[in-house]
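Residues per chain, in single letters:
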Amino acid sequence: MLWKNGSTSTLWWRFSLRYGLDIVSALRSLIGGEWRECKAIVRAHLHFWRTLPATHRKRKKLQDIRTIPEDPPTLLPINIVMEYFVRKKRRFRDILA
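Residues numbered from 1 in each chain as written. Predicted model: local features only at pLDDT ≥ 70, side-chain atom pairs only at ≥ 80, totals over all residues. Heavy atoms only, no water.

This part takes up helix α2 (residues 8-31). Taking 1.5 Å of rise per residue, the 24 residues of α2 would be expected to cover 34 Å, and the 35 Å separating its terminal C-alpha atoms lies within 8% of that figure. Every buried residue of α2 is listed here: T10, L11, R14, F15, A26 and S29. As for α2, its buried residues are in contact with α1 (2-5) and α3 (35-65). Within two residues after α2, G33 carries a phi angle of roughly 80 degrees, on the positive side. (Helix = DSSP H or I, 4+ residues; strand = E, 2+ residues; numbered from the N terminus. Expected span 1.5 Å × (residues − 1). Buried < 20%, exposed > 50% of the residue type's maximum accessible area, 1.4 Å probe, protein only. Contact = heavy atoms within 4.5 Å.)

With that settled, the discussion passes to the confidence of the model for the protein chain. Residue-level pLDDT values for the protein chain average 86, and 94% of them are 70 or greater. Within the protein chain, α3 carries the highest mean pLDDT (91), whereas α1 carries the lowest (73). (pLDDT = per-residue confidence, 0-100.)

Next comes the structure, spelled out in structure tokens:
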């Protein structure tokens, strides 16, 4: 969904960050002995790479008909992971404040 719907200007950094966090999560679950969780993350990544050509074709079609060149205002410019773990904001309303 991120690959298909993200604006071109933010796609690469958002995708890279998300992919990196997924790798960290997979390694953490592997080290912690949570094999099922690690397997689920790996399977999701394999599915993403297998379906990337079709998803990219859909992205091209959507980008051609897009009326707003950037991300819509409903997509908040915040990093929820950073807010939750680093800034210790536990409620969504605190993140928005």
